[in-house]
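One letter stands for each residue in the lines below.
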Amino acid sequence: MSTHNNTSPVLDVNDLHIEFDTRHGALKAIDGISLQIAPGEILGVVGESGAGKSLTGTAITGLLESPGRISGGEIRLEGQRIDNLSQDEMRRLRGRRIGAIFQDPLTSLNPLYTVGRQLIETIRTHLPMNRAQARQRAIELLAEVGLPAPETRIDQYPHQFSGGMRQRVVIALALCADPKLVIADEPTTALDVSVQAQIITVLKRLCREHGTAVMLVTHDMGVIAEAADRVAVMYAGRLVEVGPVADVIKHAKHPYTQGLMNSIPTILHDVERLEQIEGSMPRLTAIPEGCTFNPRCPHAFERCRAERPDLIAVDEGAAACWLVEEGAAPASPARATADTLVEHHD
Amino acid sequence: MNMTETMSASMREAAPLAASQNAGASVDSSAEQPVFRITNLKRHFDVSPPLLNRLLERKGRQIVKAVDGVDFEIYRGETFSLVGESGCGKSTIAKLVVGLNGTTDGSIEFEGQDIARHSRRDMDAVRHRLQMIFQDPYASLNPRWRVGEIIAEPIRTFGLLEGKAEIKQRVKELLEGVGLNAQDSEKYPHEFSGGQRQRISIARALASNPEFIVCDEPTSALDVSVQAQILNLMKELQQQHDLTYLFISHDLSVVYHISDRVGVMYLGRLVEVGEKHELFRRPQHPYTRMLLDSIPDLEMTGRARTPVGGEVPSPLDPPSGCAFHPRCPHATARCQQEVPLPIHNVERGFVACHAVEEGRLIATD
C-alpha cells in the first residue's frame, strides 16, 4: 500500500460513461470523462446544475443508485480498479480510503447520537483501535478541524452545534481513517460567507498536511478560486476545460468557461449589464449534434455543428473547442478590462 | 380598468422616455420624499416552550428579537438592498414591508401613510402596488396551476381587467416582457427550468402594475449564468416600469451590481447604511469590513484579507451592548454595555459603532 509512487495519481478516472435507463432508452448523463488527482492536490469540479458534477462524485464513491449505472470506462484509486467492486468491498473502501463531505451537515450527522459516538464508531470500523484510543483520536481530530473545547463538545449532539461547527465535525468524520481521497460535494454552499472562508481554510490545510487528494465539487467559482489547484469545467455531461486555477479563471480557453466567468458580478468595477450566456443547458434528451455548447456559443462555426471536439491540450491545460485546435482561442474581453482596472488602481 | 390599460400601453410606448426621466430624477433628489420610511421597526417572535413545560421546568418566556429597532428610507426608482448572514432578520423585514407579517412596534410609512397601522380594508387598497419575488421558484409557484392562471391571478384578485380575452392579452404581454413565449401560459411550472420559473414569478409580480417590489434572494437558487440573465432582466424592467426595489441577498457581489444604496444587518439591527460606492469603497463598520473581506477573491489580485473568526451568535441570546462586540477586533468595555446609536456622517446613510464615534476607527479607502 505505502509503496506506491508519489507521482502517480490517487484518483484516475478514464473515459467514464454513466447512463440512466428509461422507458425511452438510455440517457447519457456522463459521456466520457477523464480526470486525475495527485496526492495533496485539490481539483475543483464546476458546472451548472445538471452538468453531471455531483453524479461523477457519486460514481467514484460507489453510491450511484439505479436506474443510473456506469456504462463504460474505469475508475482507479491508487492504481486499483474500484468501479467493478462488489457492494461489500466498496463499503469497506468508503470511509477507509475515500472520505465524503456533503452539502448539508445536518443530514450527514445522525441527530440521535452524540458527535463522539459517530466519530468513534467510524474510527473503530476502519482502524484497529479500542474505545479509549478511538475516543482520543476523535478528540484530536476535532481539535484539528478547529472545534473549540473538543473534550467537552465530543459528548454533545449535532443540534447543539452551529452550521459551521457541524461542517467541521463532518470534515473530521471524513478524515478519521486518514483516507487518500476526499470527495467534497458543495461543502460550503449551505454556510454563511464569513463561515465559508473558515471551512475552506480548514479543508485546504488538512489536505496539505495529510497529503489527501480532494475532488471539490461546487457551482461557486469563488470557492474554487480560493481552494483549488486545478479546475475541471463540466457542461452537459462532458468536460469542456481543464487547467490550473489561475489560467481557467483569468484566461479561460473555452467559450463556455469565458461566459461563465463573465456572468459573475464583481465589486471591482461597475457594469450596467452583466454578460449573459443566452439560452440554457440542453436537457439530456436533446443534446445537440457536434459540440454540445454550439447553439449558445457566440463563436460557433460549421465544424462545431457537425463534429464533437475532444479535450485538446493548450498551455498547461486543455479545452474541448475547435477554436483552440485552430489556434484561434477567443480572447476574454471583460476579464481583461478587470485586470487593467486593478493595475490602474494599484 | 381603463386606467390600467392606458398605463400598460403608454408604458410600452414611452419606455425610453420614462427611463431618461428616471435617470434625471436620481441625480438631484436631495429634497425628495422617500417612498418608504421605516422607523424603529420591531418584530419579535415568541418561541417559548408550551405553558406546561414552562411551569414544570421553571423557565420564562423566550423571545427572538428578529428585527429590533430598524430605521431606513427607500427612494423612488432606486434599489435598496439589505445584506447580512442568515438569521440577521433581513427576510423578516421583507415580509413586514409588504404586510405578510404584522409588526411588534414601529412604523412603515408608504407615501406618508403608516401601513403597519392599516386596517385590512385600507391594506387591500395598497396591496396591488406592493409585490414580492421569492427565493425558491420551485416552492413559490403552484404546481397544479397553469402558468397563465398563475400570472392572471393578481389581475383577477385586484379586479384590474375583466373579460377573458383582455386578461389573456395581458398575460401574453407579461410573458413576452420577461422573455418567455405566449404559448408558455398553457404549460405547468414543472415544465420550466429554475431560471424560467423565476421569470414566471417576475411576470406574476408585475401583473398588478406594482410600483414597489420586494425581491427576497431572487437569484440565490440559480446558477451564475442564469443569475446574470435574471439580474439583467430585473434592471431592464426597473427602467421600463419605473420600479423601486427592496433587494434582499447575502451575496455582496450581486448586491453591489444591482443596488443604489445598501444596508448591512447584524442580529436584527442595521449597523451601516450608505450609497453603494461609499459603503463598498470606504466601509466604516467593522462588520461591513469583515463581510467585504469574506468575498472570495475571483480576480486573484492578492488582496490583503483579515479573516475574522467566530460565527453569528444565537438570536435567542444575543450579546449585550453592540451585538457584534464578541467578534469585533475594536471592541471596548463600552461596546459590551451600550447599544451604539446611528451616526449620520454620510449622505442618506449612517453607521452605528462606538469606535467610529470615538474616532478610534477611521474609514480607509
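Residues numbered from 1 in each chain as written. Chains lettered and ligands numbered in written order. Predicted model: local features only at pLDDT ≥ 70, side-chain atom pairs only at ≥ 80, totals over all residues.

Within chain B one finds 14 helices and 12 strands. Counting every position in chain B, which comprises 365 residues, the buried fraction comes to 43%. (Helix = DSSP H or I, 4+ residues; strand = E, 2+ residues; numbered from the N terminus. Buried ≥ 20, exposed ≤ 12 C-beta atoms within 10 Å, placed from the backbone.)

A few words now on the sheet that holds strand E8 (residues 244-249) of chain B. Residue and element names in this part refer to chain B. Reading across from one edge, E6-E7-E8-E3-E9-E10-E12-E11 is the order of the 8 strands in this open sheet, with mixed pairing throughout. Pairing within the sheet leaves two strands with one partner each, and these edge strands are strand E6 (130-133) and strand E11 (343-346). Averaged over all neighbouring strand pairs, the angle between strand axes comes to 25 degrees, with direction disregarded. The pairing of strand E7 (residues 212-216) with E8 spans 5 bridges and is parallel. Bridging from a neighbouring strand, Phe212 pairs with Thr244 of E8. Its contacts with the sheet put helix H12 (residues 286-293) on strand E3 (79-83), strand E9 (261-266) and strand E10 (269-275), and the angle it makes with E9 is roughly 100 degrees. (Pairing = 2+ DSSP bridges. Axes fitted to C-alpha atoms, helices over the stretch in contact; angles between N-to-C directions. Contact = placed C-beta atoms within 7 Å.)

The feature "domain: ABC transporter" (unreviewed entry), as given by UniProt, occupies residues 11-261 of chain A in the numbering adopted here. Note that residues 11-261 of chain A is 40% helix and 27% strand, and that its end C-alpha atoms are spaced 27 Å apart. (UniProt positions renumbered as here; feature names shortened; annotations may be inferred.)

Residue and element names in this part refer to chain B. Within the fold, Ala323 resides in the loop between H12 and helix H13 (333-337). According to the C-beta neighbour criterion, Ala323 is buried, with 25 such atoms within 10 Å. In sequence terms Ala323 and His190 are 133 residues apart; their C-alpha atoms lie 43 Å from each other. Ignoring any residue separated from it by four or fewer positions in sequence, one finds Ala323 in contact with Tyr266, Leu267, Arg269 and Pro318.

Looking now at the nonpolar core. Leu43, Ala172, Met215, Leu216 and Leu239 of chain A are the most contacted members of the largest nonpolar core, which totals 195 residues. The residues touching Leu239 of chain A, leaving out its near neighbours within four places in the chain, are Ile33, Leu35, Ala232, Val233, Met234, Leu311 and Ala320 of chain A. (Core = buried A, V, L, I, M, F, W, Y, C linked by C-beta atoms within 7 Å.)

Quick look at helix H8 (residues 194-206) of chain B now. Helix length check: H8 of chain B, at 13 residues, gives a terminal C-alpha distance of 19 Å against a target of 18 Å (1.5 Å per residue), a fit within 8%. Most of H8 of chain B sits inside the fold, with 13 of its 13 residues counted as buried. (Expected span 1.5 Å × (residues − 1).)

Turning our attention to the interface of chain A and chain B. Every contact between the two is made by 35 residues of chain A and, on the other side, 33 residues of chain B. Elements represented by at least two residues in the side of chain A that touches chain B include exactly helix H8 (193-210), helix H9 (221-227), helix H10 (245-250), helix H11 (255-262) and helix H14 (333-345) of chain A. Residue classes in the side of chain A that touches chain B are distributed as 17 nonpolar, 12 polar and 6 charged. (Nonpolar A, V, L, I, M, F, W, Y, C, P; charged D, E, K, R; others polar.)

A few words on the UniProt feature "domain: ABC transporter" (unreviewed entry) in chain B. Residues annotated by UniProt as "domain: ABC transporter" (unreviewed entry) correspond here to residues 36-292 of chain B. Taken end to end, residues 36-292 of chain B is 39% helix and 25% strand, and its two terminal C-alpha atoms sit 27 Å from one another.

Residue and element names in this part refer to chain B. Contact geometry for helix H6 (residues 147-157) and helix H7 (residues 164-177): axes closest at 10 Å, N-to-C directions at 110 degrees. As summarised for this structure, H6 and H7 are arranged roughly perpendicular, according to the angle between their axes. Handedness of the crossing formed by H6 with H7: right-handed. From H6, Gly148, Ile151, Ala152 and Ile155 reach across to H7, where they touch Ile167, Arg170, Val171 and Leu174. In terms of residue class, the contact of H6 with H7 is made up of 6 nonpolar, 1 polar and 1 charged. (Parallel < 35°, antiparallel > 145°, perpendicular 65-115°, else oblique. Left-handed = near helix turned anticlockwise from the far one by under 90°.)

The next subject is the confidence of the model for chain A. All names here are of chain A. Scored by pLDDT, chain A has a mean of 88; 92% of the residues are at 70 or more. Contacts for the low-pLDDT stretch residues 1-5, under 50 throughout, to residues beyond four places or in other chains number 2 contacts. Residue range residues 333-346 is modelled with pLDDT below 50. Its contacts to residues more than four positions away, or to other chains, number 15 contacts. (pLDDT = per-residue confidence, 0-100.)

All right, on to the sheet that holds strand E4 (residues 68-77) of chain A then. All names here are of chain A. Ordered in space as E2-E1-E4-E5, the 4 strands form an open sheet in which the pairing is antiparallel. The open sheet has two edge strands with one neighbour each: strand E2 (25-37) and strand E5 (80-81). Of the strand pairs in this sheet, E4 and E5 are connected by 2 bridges, and their pairing is antiparallel. Residue pairing in the sheet places Arg76 in a bridge with Arg81 of E5.

Time to look at the environment of Ser259 of chain B. All names here are of chain B. Position of Ser259 relative to the elements: it lies in the loop between helix H10 (252-258) and E9. Among the residues examined, Ser259 registers 22 C-beta atoms within 10 Å and is labelled buried. Each C-alpha atom, one on Ser259 and one on Glu78, is 7.5 Å from the other, the two residues being 181 residues apart in sequence.

This part covers helix H7 (residues 163-175) of chain A. Residue and element names in this part refer to chain A. The first and last C-alpha atoms of H7 sit 19 Å apart over 13 residues, in line with the 18 Å expected at 1.5 Å per residue. The buried fraction of H7 amounts to 12 of the 13 residues, a majority that puts the element mostly inside the structure. Three or more residues of H7 are buried, namely Gly164, Met165, Arg166, Gln167, Arg168, Val169, Val170, Ile171, Ala172, Leu173, Ala174 and Leu175. On the buried face of H7, the contacting elements are strand E6 (98-101), helix H3 (105-108), helix H4 (115-126), helix H5 (131-144), strand E7 (181-185) and H8.

This next bit is on unusual backbone geometry. All names here are of chain A. Looking along the chain, the bond that leaves Ser66 and enters Pro67 is cis, with omega of 10 degrees. One can find Pro67 in the loop between helix H1 (53-60) and E4. Phi is positive for Asp15, which is not a glycine, with a value near 50 degrees. In this structure Asp15 comes out as exposed when scored by C-beta crowding, with 11 C-beta atoms within 10 Å. For Asp178, which is not a glycine, the phi torsion comes out positive at approximately 55 degrees. Tracing the chain through its elements places Asp178 in the loop between H7 and E7.

As a further point, take the pairing of strand E10 (residues 238-244) of chain A. Residues and elements named next belong to chain A. The buried fraction of E10 amounts to 6 of the 7 residues, a majority that puts the element mostly inside the structure. Bridge count between strand E9 (residues 230-235) and E10: 6 bridges; the pairing is antiparallel. Of the residues in E10, the one forming a bridge with Ala232 is Val242. Connecting E9 to the antiparallel partner E10 that follows it, the hairpin turn spans 2 residues, and Ala236 within it adopts a positive phi of roughly 50 degrees.

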